[in-house]
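# Notes for the structure review
Residues per chain are reported as follows:
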Amino acid sequence: MKPRVRIAPSPTGFLHVGTARTALYNWLFARGEGGKFILRIEDTDVNRSTSTMTDAILESLKWLGLEWDEGPYFQSDRFSIYKKYANLLLKNGACYFCYCTHEELEDRKKKVVAQKGAWKYDRRCLDLSDTQKAEFKKRPKAIRFCVPEMEVNFEDGLHGVLKRSSNDIEDFVILKSDGSPSYNFACVVDDHEFNITHVIRGEDHISNTFKQILLYKAFGWSPPKFIHLPLILGHDRSKLSKRHGAVSVLDYRKDGILPEAFVNFLALLGWSPGGDREILSISELISLFSLDNLSKTNSVFDFKKLEWMNGEYINRLSNEDLFDRLLSFLPTTDSQQLVANKEYGLKVIGILKDRMRKLTDFFALGDYFFKPPVEYDKDGIENYFNHKETQARLSLLKDRLSKLEEFNIESVERTVRELALEFGIKAALLIHPIRLALTGKTVGPSLFHITDILGKDAVIQRLDRAITFLRSATSKCR
Ligand code: GLU
């Protein structure tokens, strides 16, 4: 039988990178095995679920390319189905009505805790007398599962047989008094109804799985295979959270990460194809991914590695492709600027591509290709505009360059090197201040490629501005 797997996010927040990794593993497994990947939105918590979050989750999955074969199914559309199944369990005595109010429960809990006891539902409503039932009749009622005494166990695909005594599990609510199902109940009903064969989800759900196994038994259904993935941690080895950096998938899109790089990165957070290969295309991931190679230990989310990997992906794009990606990524005014002169934009891409780690780096690294530097780097001023000769050297350079008939990489380089020889200084001593004058920065791509792209007029104008700047700086010193 072909696998049927699912991702079941709750729209109470954005798509977390942990859920994205879970989605990816389910998706890769389905694609590799010719199975189906199903999307279920677990929006039973009416107060905390929002359609904005649902939209953001769908958009995140689409951005990652994790298209689903069925769904999205919404649990909020299925309340009558959960009720039907709860009635089934009521009929066979596997659950009972609970009339306890929130305040009553809190009250009793407090008393137990004050005696240093561990609270679990005290079964007050399990065997109510007829008088008590009549007394509670007007109260809203929830349905609780009556946990049988037994050892609960299941075989986890990654961790082997996991056991727990049902004594540690309280009679949990399956249907709340407002008619909404609890997570465990809706999850079991849906996984059963949708013929889910494998439940691949985070290790933080193991304690839920024991409850779910009890429900499968009560219904007489055979449970799917469970695979609980180790957690994703931050650099300090605590569970990855906002403290460590962005945790929402869409934040990475906004930060200029490419979806294919992000997918590649997520795939390796808890799975490895063996060997030391790290850059893997989607089709390679699909063919290599296997539940047998999952890691049993938690993995650390390494932001630096993600940036490195993204840089590798950017560098492998054709200039045209990167141009298109920038267009859809950059704010309208910036992309309009690119479209206005595509040929120029492609040249800039060509020179910056191997330095970019994120799409946002395009203007961060190369803003000077589109406008003269507004100011010069402070360290640059200190280190490269400090020599008293600089102003005179740049002036002479400007004169020579303006006389060049052919202004290209070779002719500009020749002019700069010849001038350095005349001054009796190393070429670098000339190149640094020129770079600062033209770009405002102290580092960047090869100077002569920059001058070639900027063109003669811009180069002369910018040298002029730097000369004026140096002149006023010197006069201020006097
Ligand atoms: N809604 C749950 C979550 O987002 C789904 C858990 C499951 O996959 O069963 O964690």
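Above this text sits the structure in question.
Quick summary incoming for the structure in this document. Owing to the predicted nature of the structure, the values given are computational and were not obtained by experimental measurement.

### Here we look at a negative patch on the surface
- Negative charge collects at one region of the surface, where E375, D377, D379 and E382 lie side by side.
- Among the structural elements, E382 can be located in helix α16 (residues 378–384).

### Comments concerning the packing of helix α1 (residues 17–33) against helix α9 (residues 259–267)
- Where α1 meets α9, the axes come as close as 10 Å, and the angle between the chain directions of the two elements is 85°. Relative to α9, α1 is oriented roughly perpendicular. Taking contact as the criterion, the partners of V17, A20, R21, L24 and Y25 in α1 are, on α9, F262, V263, L266 and A267.

### Quick word on the sheet that holds strand β5 (residues 142–145)
- Here we have three strands laid out as an open sheet, ordered β4-β5-β8, and antiparallel in their pairing. With one partner strand each, in any of the chains shown, β4 (95–98) and β8 (173–175) form the two edges of the open sheet. The average undirected angle you get between the axes of adjacent strands in this sheet is 45°.
- The pairing of β4 with β5 spans four bridges and is antiparallel.

### With respect to the pairing of strand β3 (residues 70–74)
- Sheet topology places strand β2 (residues 36–41) next to β3; three bridges connect them, and they run parallel. If you follow I38 over to β3, its bridge partner there is E70.
- Following the chain from β2 across helix α2 (residues 51–64) to the adjacent parallel β3, one finds a crossover that is right-handed.

### Re the site of the ligand
- Around the ligand sit R6, A8, P9, S10, E42, Y183, C187, R201 and H205, and those are all the residues in its vicinity.
- Take A8: an N or O atom from its main chain is 2.8 Å from a nitrogen atom of the ligand.
- At a separation of 2.9 Å, a nitrogen atom of the ligand approaches a polar side-chain atom of S10.
- For the ligand, whose accessible area on its own is 300 Å², the fraction buried by protein is 80%.

Rules used throughout
- Residues numbered from 1 in each chain as written.
- Predicted model: local features only at pLDDT ≥ 70, side-chain atom pairs only at ≥ 80, totals over all residues.
- Heavy atoms only, no water.
- Patch = residues over 30% accessible without salt bridge, like charges linked within 9 Å, V, L, I, M, F, W, Y side chains within 5 Å.
- Areas by Shrake-Rupley, 256 points an atom, 1.4 Å probe, with all protein chains shown as cover.
- Salt bridge = Lys/Arg side-chain N within 4 Å of Asp/Glu carboxyl O.
- Lys, Arg positive; Asp, Glu negative; His and termini not counted.
- Charge placed at Lys NZ, Arg CZ, Asp CG, Glu CD.
- Helix = DSSP H or I, 4+ residues; strand = E, 2+ residues; numbered from the N terminus.
- Axes fitted to C-alpha atoms, helices over the stretch in contact; angles between N-to-C directions.
- Parallel < 35°, antiparallel > 145°, perpendicular 65-115°, else oblique.
- Contact = heavy atoms within 4.5 Å.
- Pairing = 2+ DSSP bridges.
- Right-handed = clockwise from strand over helix to strand, strands pointing away.
- Near = heavy atom within 4 Å.
- Polar contact = N/O pair within 3.5 Å; in protein donor to acceptor, adjacent residues only side chain to side chain.

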